[in-house]
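Given next are the chains, with one letter for each unit.
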Amino acid sequence: MTIRDLLTEHKDAIIHKWIDAMYGTYPFDTVGFLRSSRDQFSNPVGHTTAASAVVIFDAVAGDDVDEARLSEAIEDVIRIRAIQNFTPEQAVGVLFVLKTVIRQMLRSAIVRHGLHDGQLEVESRIDTVALLAFGKYAACRERLHMMKVDDFKRGYAQLLRRAERILDKPVGEPDTQKPIA
Amino acid sequence: MFISLLAVIALGCIAWLGAASGFQYLIGVVLPYAAVLVFIGGFVWRMVDWAKSPVPFRIPTTGGQQKSLDWIKPARLDSPFTTAGTVGRMLLEVLLFRSLFRNTSVEIQKGPRVVYYSAKWLWLFALLFHYCFLLIFIRHFRFFLEPVPFALTAIEFVDGIMQIGVPRMFMSDVLVVAALGFLLARRLFSEKVRYISLANDYFPLFLLLGLVGSGIWMRYFAKVDIAAVKVLTMGLVTMNPVLPEGIGAAFFIHIFLLSCLLAYFPFSKLMHMGGVFLSPTRNLPNNTRAVRHVNPWNPPKKYRTYAEYEDEFRELMEEAGLPVDKTSEEAAAAE
Amino acid sequence: MSKLPTPDKLIATIPAFPMEGWMDTKPDFKPGTWCYPAKVDNMKALGMPNPHEWSADQEDWNLPENWEEIIYEGLKARLAKHRSLKVFMDICVRCGACADKCHFFIGTGDPKNMPVLRAELLRSVYRRDFTTAGKLLGKLAGARKLDKDVIKEWFYYFYQCTECRRCSLFCPYGIDTAEITAIARELLHELGLGIHWIMEPVFNCNRTGNHLGIQPHAFKEIVEFLCEDIETVTGIKINPPFNEKGHEIVFITPSGDVFADPGIYTFMGYLMLFHEIGLDYTLSTYASEGGNFGSFTTFDMAKKLNAKMYAEAERLGSKWILGGECGHMWRVVHQYMDTFNGPTPPKMEVPRSPITGTVFKNAASTKMVHIAEFTADLIKHNKLRLDPSRNDHLTVTFHDSCNPARGMGLLEEPRYVLKNVCNNYVDMPENTIREQTFCCGGGSGLNTDEIMEIRMRGGLPRGNALRYVQQKHGVNTMACICAIDRATLPPLANYWAPGVTVYGTHELVANALVMRGEQKRTMDLRQEELPGMEDE
């Protein structure tokens, strides 16, 4: 018996509980909505969370992972949480909750089979996933701010062009960078 | 929720006590007359009040392709261009709850199992409730008509075709309770619906359950003296009320709750029965570009005219070679 | 000093079940959730009532002294003017069918974004003041006292509704939240509460004819830049007429298409199309705005801005008006314009395509035709030479804008056009398009960048459907027929489905359009190389 066997055995239950914990961070009524309707289009949050949880769990359990796929799964979860009503800790913190869920559910089995080393490895992998999630979160927020800038640029594209023609230099560039004639 | 339940129980108790302590004439004759008057008066008043209010704009919610080019097939019912289409849309809406049915439309699923079931059930049970209630309402005409028309007997025969029990069990009785139960259960167990529900959402449900329950109790269990009841009801419709002896308390509870429902109806959300016909997003054709809609209170036009615009920008416009109505010289000369 | 919380505790700080009902919860005006207030000067210049300084994150919004009376009288007046409001206030049974139809509810999970609760925010006040049950039973009958927190709540949630009408489609009584939101916003404006992103364009549009406040000479100059670009791409020089009298048609489109990326390419597309078919038209600088942000403030303001269209058609002696791609503009034109400002000037005629001879009977009274109807008719009659293979590197899907979809029914025309100018066309899943389309998250004047987070939440359902076709069918292009979409969809795609580019429908038309006397096309309108058509 390895930790991986143990995790595989309890995979569905752990994922279920973890998803519940994630949904628990949504205010009240949403919870019922997210759980009851799994349609990909009428309930994208619920669908995305459930689909990603499986991929992340497999990676954490120690399966060989397709890094691109894992990265995408983490990003799917974080991308939604990054713009919802969460603090950064709350947005990324859901990944650490997987540790708690595993500890709660497998404590006695781990003790019984002496799998503490394995558990530590699993928890380290969760740390890795959380670090990746941190990166995703930062990237999402950065993109959000870039989007505001881009919105402005697009909105005024032709005005900027006109201004540049009148000024005969690129708008927004510091004067010092002006090529010396 | 509890307040609504208590209110309905209290109403039932009042009726029971009243029937037991000699207020039978009040409950069996006076109140029904009063309730019917309030119902008719209230209903008409509400409808007239709504109908009198103006419809400034023609704003149908279009549920399909508009009528535009000849070779593009329009959605004649979901986006009606003609009056006939609009009537069709309203019929679908009123008779078949078209918009609620829409909820069942296609979903692409990746997740493990069924979804969106609540919406589909809502349509089904809502429809079931309304039609059973209508059927029960029609069946009750046997108490107001003498002789009982053949059509009514036929309806009763079909309704009781399962031939269970004596007297025959009507399917509509069972289904209406089931439908009300579903509508109530939704409010109690769907978090979403519970969150939005008010006391005045629960009250009519409990009232209807009480009404239907007392009716069922009367027919199948208490087995009140039907002949005596008919004497009373015929008296009521012929404006010659009599109060025969020996009608059980169950009947008085039933008719009291009915009176409450009738009196409550015009002042509650139950008025959706009338309101649905007046909803401007449904009962108007989608032809506003073809036929002008007139706003009865259309305010006078007030806008910045071209002349004002040109006055402000004339020189810039001339400089840019844009045509002007008045040149600078003309404008200067006019001043 | 205290012990650090565990992750579970940390993420659980949002209560899973607020025990109190919705009447007792208050919105939290965090940055990114509310729009900046309108400038006092703009409000004054437009004659809006009670202009004053305020900000949503402040405790005191400096409401006028008699604000309660203003709301009471305002609501009373509107109940007398709109049957819709009156009926919608009375007949909701709270069945919940609308609840999960709202893109803002799906994206935020906030219960008050369920359309039924959004309407209850107003309804609760209506019940207290205008129904007997509400007066007698108060909270028990769903009534509540109007206090300043209610006003704040209105502001928060009626500016988290894009008036898309998706809920109205599913409501068994057709209760239209757009109508309720529009009237609630009117009430807020009575108190001097407007937002900058809406009021500034309204002010500009009134004064200069367009949202950005571009004066006539600059407008002309910018259009001429675009003509230079057209010449670069096609070798054809176009000189569009401005403010000229005696042309058959006035063409009016949202000004965003003249100033903003990627709308400018759509605008170039219009000019190329008109040039190719030899249309007898003119542009107008006075009526250089198809959009109508007035419709996001009050009905009267919508009317005031819209009045310019007929006035200009009359002054220029044009027979009919051709309208460009826009969402709310077409809600106004299709359902309000004729009522607001009709009957049309006497010299206008029922629109008839000068190229195909088709008479647009569906626009017989308003006398304004949608460019998608016009172009679809051209293509049907084989009047355009098209080379759709120029768009072969694009796999295209189409975003139905809410207003043309649910306030007009313009569904097939743009699809017909797109399928004729692109070889690779895929629709998004069925319950996210046509009359069931999801909002871009920025309609009804909410496309401002200070609420980018709210926009992304609201845009989640659309983004999600887009991502699905991106992954499943390799879609890399989302076409639309709305200038606000062209502003809001690029960030939405960038966030939810990176790699998808947003195009106006007539940009794709112009890419495929084979023009007489054009040079070999090696680039598209964005001056990006066309794969397979490079110079040898």
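In this text, all values refer to a predicted model and were calculated from it rather than measured experimentally. (Residues numbered from 1 in each chain as written. Chains lettered and ligands numbered in written order. Predicted model: local features only at pLDDT ≥ 70, side-chain atom pairs only at ≥ 80, totals over all residues.)

Visitor: Summarise the sheet that holds strand 3 (residues 320-323) of chain C; cite the residues concerned and give the values.
Guide: Each strand in a sheet pairs with another by means of backbone hydrogen bonds, the pair being arranged parallel or else antiparallel. If you trace the four strands from one edge of the open sheet to the other, you get 2-1-3-4 (chain C), paired in parallel fashion. At either end of the open sheet lies a strand with only one pairing partner, and these are strand 2 (281-282) and strand 4 (368-370) of chain C. (Pairing = 2+ DSSP bridges. Helix = DSSP H or I, 4+ residues; strand = E, 2+ residues; numbered from the N terminus.)

Visitor: Mind laying out the UniProt feature "transmembrane region" (unreviewed entry) in chain B, listing which residues take part and the relevant values?
Guide: All names here are of chain B. Sites flagged by UniProt as "transmembrane region" (unreviewed entry) map to residues 30-48, 121-141, 161-184, 205-222 and 242-265. Measuring from the first to the last C-alpha atom of residues 30-48 gives 27 Å, for a span that is 100% helix and 0% strand. Helix makes up 58% of residues 161-184 and strand 0%, with an end-to-end C-alpha separation of 28 Å. (UniProt positions renumbered as here; feature names shortened; annotations may be inferred.)

Visitor: With reference to specific residues and values, describe the interface of chain C and chain B.
Guide: Listed by partner, the interface residues are 84 residues for chain C and 77 residues for chain B. Top contributing element to the side of chain C that touches chain B by residue count: helix 15 (residues 299-316) of chain C, with seven residues. (Contact = placed C-beta atoms within 7 Å.)

Visitor: Could you give an account of the nonpolar core, with specific residues and numbers?
Guide: Grouped together as the largest cluster of nonpolar side chains are 268 residues, with contacts concentrated most on A:Ile56 and C:Met268. In contact with A:Ile56, not counting residues within four places along its chain, are A:Leu70, A:Ala73, A:Ile74 and A:Val129. (Core = buried A, V, L, I, M, F, W, Y, C linked by C-beta atoms within 7 Å. Buried ≥ 20, exposed ≤ 12 C-beta atoms within 10 Å, placed from the backbone.)

Visitor: Tell me what's going on with unusual backbone geometry, and back it up with residues and numbers.
Guide: For the bond running from B:Glu146 to B:Pro147, omega is -5 degrees, close enough to zero to count as cis. Residue C:Pro343 is bonded to the preceding C:Gly342 through a cis peptide linkage, with omega at -10 degrees. Of note, C:Glu163 is a non-glycine position whose phi angle comes to about 55 degrees, a positive value. Inspection of the secondary structure puts C:Glu163 in the loop between helix 8 (148-158) and helix 9 (166-170). A positive phi angle is found at C:Arg434, which is not glycine, with a value near 50 degrees.

Visitor: For the sheet that holds strand 5 (residues 396-399) of chain C, give the residues involved together with the corresponding values.
Guide: All names here are of chain C. Read across the open sheet, the three strands follow the order 5-6-7; overall the sheet is parallel. Taken across any chain shown, the strands that pair with only one partner, and hence form the sheet edges, are strand 5 and strand 7 (501-504). This sheet shows a mean twist of 35 degrees between the axes of neighbouring strands, independent of strand direction. Here four bridges tie strand 6 (residues 477-480) to strand 7, and the two strands are oriented parallel to one another. Opposite Ala 479, over in strand 7, you have Tyr 503 as the bridge partner. Set on the sheet, helix 22 (residues 505-512) makes contact with strand 6 and strand 7; between it and strand 7 the angle comes to about 80 degrees. (Axes fitted to C-alpha atoms, helices over the stretch in contact; angles between N-to-C directions.)

Visitor: Describe helix 11 (residues 249-264) of chain B, with residues and values.
Guide: Three- or four-residue spacings in an α-helix give side chains the same orientation, since the helix completes a turn every 3.6 residues. All names here are of chain B. Relative to the 22 Å expected for 16 residues at 1.5 Å per residue, helix 11 spans 22 Å between its end C-alpha atoms, a close match to the ideal helical length. Counted residue by residue, helix 11 has 12 buried out of 16 residues, so it is predominantly covered. Along helix 11, the residues classified as buried are Ala 250, Phe 251, Phe 252, Ile 253, His 254, Ile 255, Phe 256, Leu 257, Leu 258, Ser 259, Cys 260 and Leu 262. Buried residues in helix 11 make contact with helix 1 (2-20), helix 2 (24-52), helix 9 (199-222) and helix 10 (226-237). (Expected span 1.5 Å × (residues − 1).)

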